[in-house]
Amino acid sequence: MGKVLRDRNARLYLSGVVVSGFGTTAMWLVAGVWVKSLTGSDALAALTVFTMWAPVLAGPALGALADRLPRRPLLVALGLGMAALLPLLLLVDSADRVWLLFAVLLVYGTCGAVHGAAEAALVPQAVGRRLLGDFNGLRLTADESMKLLAPLVGAALFARSGGASVALLDAVTFALAAGIFALLRVREEPPERERIRDDAGAFARMAVGGVHLRRVPVVRTLVAAGAAVMFLAGLNGAMIYAVAGDVLGHAPTHVGVLYAVQGAGSVLSGLAAGPLLRRMPETVFAAAGVALFALGAGARALPYDAVALVGSAAIGAGLPCVLIAALTAVQREVPNDVLGRAAATANTLIFVPNAVALALGAALVAFVDVRVVLPVLTAAGLATALLLVAGPRDGPRAGGRSWRGGSRRGPRARRGGSRRGGS
């Protein structure tokens, strides 16, 4: 942690993540409450989350922007654009104008997908490849910390002043984050000529990120494992209300306690990720996290409050491991010129199964006892962990050197991986 926080670019990046994440998390919660209060419709309230999430499906196409435009200016422009757009929500004061909220949320999700791709692609140049594991772990810690605090602040602000006040808060956080990203000192590498035919279509150019994900065995394995685990996580998430009521005998509000403990586990996992990734192969680190998640999910099938809380902490600590390992491998192994598309494609492949599983789990819990589903989920998770251990692996990171016995790609890659991007 000390190495990351002593790096100026890393400190700025994490500050931008904290500021922007606070506003985004508050808005994510309040959007559904706002729609529910104006329309009385649970379906429309749930649709707000889907509207913000849906652009992830177009990740490969949106990620192309992060490979075609300078990434740091792109991050600044996206932040300023959202800061200018969100005040439009001051006009949403009745059910007749809810359409405006949905339109802004769709743009919000689209900008978020582009922002995520540009950020993931810029990090290796801004903070250096040798700090990737530590940085990604701390970034996740910052995200999870905001998820513990921002919903409380957003709900309180909504109750006091309405949804427009939360939109203004989010606009301010976007503007502040844009200012922070503008302070980064990084000299970006110009995009290289892509190794596909000049007459190749737009689809081929969008798909090139996925080609690079498939080309490196350890990246392919970690992204596939991430997709499988997020599918299991979606099923687990759909069961949480049944766990609180049918297994533990509590009111639905007890779900908040389980989520809070899970969030605390994720915070600790993010802090430990960097040191662990330097001491073990990424696939082993990810497999340990998957096993921890699987055992935690199974523990929730037992009718004991203490066991359920320990299980929730295990889920929170284990689930981020495969995500951090996958992102770090993508950033390290994929060439700079296609890294935006590769990162966006990886996000699509990993997180789409989560949404599918949430819908499937919601239907499944109506017909199958949660005490039957969770042990099956545990078995599937442990099998995934075993496959990870048996699959291709990279070595622990140490001083920017890989298991191949040297630096990754020679002089050009070392220039791109300097601590401050050549500044």
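Our structure is the block above this text.
Residues numbered from 1 in each chain as written. Predicted model: local features only at pLDDT ≥ 70, side-chain atom pairs only at ≥ 80, totals over all residues. Heavy atoms only, no water.

What about the side chain of asparagine 236?
Right, so step 1: Structurally, asparagine 236 can be placed in helix H10 (residues 217–238).
Right, so step 2: Sequence-distant contacts of asparagine 236, defined by excluding residues within four places in its chain, comprise Phe293, Ala297, Arg300, Ile315, Leu374 and Leu377. (Helix = DSSP H or I, 4+ residues; strand = E, 2+ residues; numbered from the N terminus. Contact = heavy atoms within 4.5 Å.)

Examining the nonpolar core
Right, so step 1: Core analysis: the largest hydrophobic core is formed by 58 residues, its most contacted members being Tyr13, Met27, Leu86, Leu89, Leu101 and Phe135.
Right, so step 2: The element that contributes the greatest number of residues to this core is helix H6 (residues 98–127), accounting for 16 residues. (Core = buried A, V, L, I, M, F, W, Y, C linked by side-chain atoms within 4.5 Å. Buried < 20%, exposed > 50% of the residue type's maximum accessible area, 1.4 Å probe, protein only.)

Focus: empty space enclosed by the protein
Gaps left between atoms show up when a probe the size of a water molecule is rolled over them.
Right, so step 1: Counting across every chain of the model gives two cavities of 30 Å³ or more.
Right, so step 2: One number sums up the size of the second largest cavity: a volume of about 40 Å³.
Right, so step 3: Residue lining of the second largest cavity: Ser20, Leu75, Gly79, His115, Phe174, Ala177, Ala178 and Phe181, and that is the complete set.
Right, so step 4: Where the lining of the second largest cavity is concerned, the elements lending two or more residues are helix H5 (71–85) and helix H8 (163–182).
Right, so step 5: Class assignment for the residues of the lining of the second largest cavity results in five nonpolar, three polar and no charged. (1 Å grid on protein atoms, 1.4 Å probe; cavity = no way out; pocket = protein on both sides within 12 Å on 5 of 7 lines; lining within 4 Å. Points joined across faces, edges and corners; volume = space filled by probe spheres on them. Nonpolar A, V, L, I, M, F, W, Y, C, P; charged D, E, K, R; others polar.)

Structural notes on the side chain of threonine 48
Right, so step 1: With respect to the helices, strands and loops of the structure, threonine 48 is situated in helix H3 (residues 42–53).
Right, so step 2: By relative accessible area, threonine 48 is classed as buried at 1%.
Right, so step 3: Leave out the neighbours within four places in its chain, and threonine 48 touches Ala31, Gly32, Val35, Phe102 and Leu105.

With respect to a nonpolar patch on the surface
Right, so step 1: A surface patch of nonpolar side chains, amounting to about 240 Å² of accessible area, comprises Leu44, Leu47 and Phe50.
Right, so step 2: Looking at the secondary structure, you find leucine 44 in helix H3. (Patch = residues over 30% accessible without salt bridge, like charges linked within 9 Å, V, L, I, M, F, W, Y side chains within 5 Å. Areas by Shrake-Rupley, 256 points an atom, 1.4 Å probe, with all protein chains shown as cover. Salt bridge = Lys/Arg side-chain N within 4 Å of Asp/Glu carboxyl O.)

Side note on the packing of aromatic side chains
Right, so step 1: One pass over the full model with this rule turns up three aromatic pairs.
Right, so step 2: Ring plane angle 75 degrees and centroid distance 5.7 Å describe the contact between tyrosine 13 and phenylalanine 135, whose orientation is recorded as edge-to-face. Of this pair, tyrosine 13 sits in helix H2 (residues 8–39) while phenylalanine 135 sits in helix H7 (residues 132–161), and the two are 122 residues apart along the sequence.
Right, so step 3: We classify tyrosine 13 as buried; its relative accessible area is 0%.
Right, so step 4: We classify phenylalanine 135 as buried; its relative accessible area is 1%.
Right, so step 5: Residues tyrosine 13 and phenylalanine 181 carry aromatic rings whose centres are separated by 5.5 Å and whose planes lie at 70 degrees to one another, so their mutual orientation is edge-to-face. (Phe/Tyr/Trp six-rings, centres within 6.5 Å; stacked < 30°, edge-to-face > 60°.)

Some details on H6
Right, so step 1: Its 30 residues place the ends of H6 41 Å apart at the C-alpha level, agreeing with the 44 Å of an ideal helix rising 1.5 Å per residue.
Right, so step 2: Along its length, H6 reaches its greatest deviation from straightness, about 30 degrees, at alanine 121, and the proline proline 124 lies no more than four positions downstream.
Right, so step 3: Of all 30 residues making up H6, 23 are buried, and the element is well covered by its neighbours.
Right, so step 4: Following H6 by one or two positions, glycine 128 adopts a phi angle in the positive range, close to 90 degrees. (Expected span 1.5 Å × (residues − 1). Bend = angle between axes of the 7 residues up to and from the residue.)

Some remarks on the packing of H7 against H8
Each packed pair of helices is defined by two parameters, the angle between the axes and the distance between the axes.
Right, so step 1: Orientation of H7 relative to H8, taken along the N-to-C sense of each, is 135 degrees, at an axis distance of 7 Å. When the interaxial angle is binned, H7 and H8 end up oblique. In this structure, H7 uses Gly154, Leu157, Phe158 and Ser161 to contact H8, whose residues at the interface are Gly163, Ser165, Val166 and Leu169.
Right, so step 2: Grouping the constituent residues of the contact of H7 with H8 by class yields four nonpolar, four polar and no charged. (Axes fitted to C-alpha atoms, helices over the stretch in contact; angles between N-to-C directions. Parallel < 35°, antiparallel > 145°, perpendicular 65-115°, else oblique.)

Remarks on the packing of H2 against H6
Right, so step 1: It is the contact of H2 with H6, at a shortest axis distance of 12 Å, that shows an interaxial angle of 165 degrees. By the angle class used here, H2 and H6 are roughly antiparallel. Handedness of the crossing formed by H2 with H6: left-handed. Note on element contacts: H6 touches H2 through Val98, Leu101, Phe102, Leu105, Tyr108, Glu119, Leu122, Val123, Ala126 and Val127, opposite Asn9, Ala10, Tyr13, Val17, Gly23, Thr24, Met27, Ala31, Trp34, Val35, Leu38 and Thr39. (Left-handed = near helix turned anticlockwise from the far one by under 90°.)

Looking at helix H14 (residues 305–333)
Right, so step 1: For H14, which comprises 29 residues, the first-to-last C-alpha distance of 43 Å matches the rise-based estimate of 42 Å (1.5 Å per residue) to within 8%.
Right, so step 2: Counting buried residues in H14 gives 21 out of 29 residues, a clear majority hidden from the surface.

Remarks on the pattern of salt bridges
Oppositely charged side chains can pair when the atoms bearing their charge come close.
Right, so step 1: Inspection of the entire model under this criterion finds six salt bridges.
Right, so step 2: Note that aspartate 93 and arginine 97 form a salt bridge whose closest N and O atoms lie 3.8 Å from each other.
Right, so step 3: The exposure class of aspartate 93 is exposed, given its relative accessible area of 54%.
Right, so step 4: Relative accessible area serves as the criterion here: at 39%, arginine 97 is assigned to the partly exposed category.

Keep in mind that these numbers describe shape and distance, not what the molecule does.
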